[in-house]
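# An overview of the molecular structure
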Amino acid sequence: MKKNENILIIKHGALGDLIQADGIIRSIRYQHKNAIITLMTSKKFIDLMSRCPHIDNQIIDNRSSFLNIISYISLYKIFLKYNFKIIYDLQNSQRTYIYRRYLFNKIKWISTNREDHKISGLRGLEEMLKENSINTKYALKPDIKWLSIDIKNIIKKNKILTNYIVLLPGSSKKNPLKRWPYFGDLSKLLISKGYEVVTILGPEESEMNRLFPGHVLKNLDWPTLSGIIKNSYFVIGNDSGPSHIASCLNKKGLALFGHSTSAVRSELERGKFEIIKVSDLNDLTSDQVFKKMMTILNKKKVN
């Protein structure tokens, strides 16, 4: 790769998939040390990814209707401006297939060769790198410390003590079955055991505010959310983007899965971050989650 040649990475989301792709993006950067790397992603992730040290520029893809010809002409002009030599398509969607087939078929395009990897989408991206002779030592090891900011002032302002436990009771409203219904009970149990508890709520969970004793932090931006998680003692959440942040920060924690999603395909379980998989989240009690938490905390380090 010649110095300062332009490379594009496409990854629209969702949050968990984008965060997990940190190791893939880092691998691409390692392969192309001198290139200018641009990320094309959704508008809502631009601020988040502006902190990523592995990319230089970003392009917003509004993912307009395929009937919006003006939008595609504009996108085509942007591609001409950058003169990309290689495109890494980490999204591998119907949309990016159309981009490749009809708009940018003269640019070297690297993507997965399958719609659905037998293990997970992340493993499919790892195979994609291997098939193109790219070192994969970082591929399955996302490290997003770059996302976090110093949250000492927030901790002080909210009078939060050290060694606090973070609860992440939310998930997208599109997937209500992902939500374990007993985070309020767990919060009470943890407080009764002497733990400091911080519950984090996003814009889609504002109606849940009244359910939680302890500290409740709402509508945090990504760097603050990451900082709160990074400095916590333990994290418990659903199958959600914030849980992926905890996992990719290598925190001790737990993600709770019911029947609606695959724990294996989520790739949430890594390092100190574990999962509980049950057939029905309504049958998983706060006592069971607490016992699992204590098991993880009491594990001895293996040299």
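Please read these numbers as outputs of a predicted model, since none were measured by experiment. (Residues numbered from 1 in each chain as written. Predicted model: local features only at pLDDT ≥ 70, side-chain atom pairs only at ≥ 80, totals over all residues. Heavy atoms only, no water.)

Pairing is parallel in the open sheet, where 6 strands are placed in the order β8-β7-β6-β9-β10-β11. A single partner strand is all that each edge strand has here, and the edge strands are β8 (215-218) and β11 (273-277). Across the sheet, the axes of successive neighbouring strands diverge by a mean angle of 20°, strand direction being ignored. Of the strand pairs in this sheet, strand β9 (residues 234-238) and strand β10 (residues 253-257) are connected by 4 bridges, and their pairing is parallel. Bridge pairing in β10 links N238 to L256. Where helix α8 (residues 183-192) meets the sheet, its contacts fall on β6 (164-168), β7 (196-201), β9 and β10, and the angle it forms with β6 comes to roughly 175°. (Pairing = 2+ DSSP bridges. Helix = DSSP H or I, 4+ residues; strand = E, 2+ residues; numbered from the N terminus. Axes fitted to C-alpha atoms, helices over the stretch in contact; angles between N-to-C directions. Contact = heavy atoms within 4.5 Å.)

The 5 strands lie next to each other as β3-β2-β1-β4-β5, forming an open sheet whose pairing is parallel. Lying at the two open borders of the sheet, with one neighbouring strand each, are β3 (57-60) and β5 (108-110). Strand-to-strand, the axes of this sheet are offset by a mean angle of 20°, without reference to chain direction. Relative to β3, strand β2 (residues 36-41) is paired through 4 bridges, and the arrangement is parallel. Paired with T38 across the two strands is N57, which belongs to β3. Strand contacts of helix α5 (residues 94-103): β1 (6-10), β2, β4 (86-89) and β5, with the helix running at about 160° to β5, the strand carrying the most contacts.

Evaluated as defined, the whole model comprises 7 salt bridges. A salt bridge links D143 to K145, with the nearest nitrogen and oxygen atoms 3.1 Å apart. A relative accessible area of 29% means that D143 is categorised as partly exposed. In this structure, the salt-bridge partner of D239 is K178, at a minimum N-O distance of 3.5 Å. In this pair, D239 sits in the loop between β9 and α10 (241-248) while K178 sits in the loop between β6 and α8, placing the two residues 61 residues apart along the sequence. Residues D239 and K178 agree in their burial class; the two are buried. (Salt bridge = Lys/Arg side-chain N within 4 Å of Asp/Glu carboxyl O. Buried < 20%, exposed > 50% of the residue type's maximum accessible area, 1.4 Å probe, protein only.)

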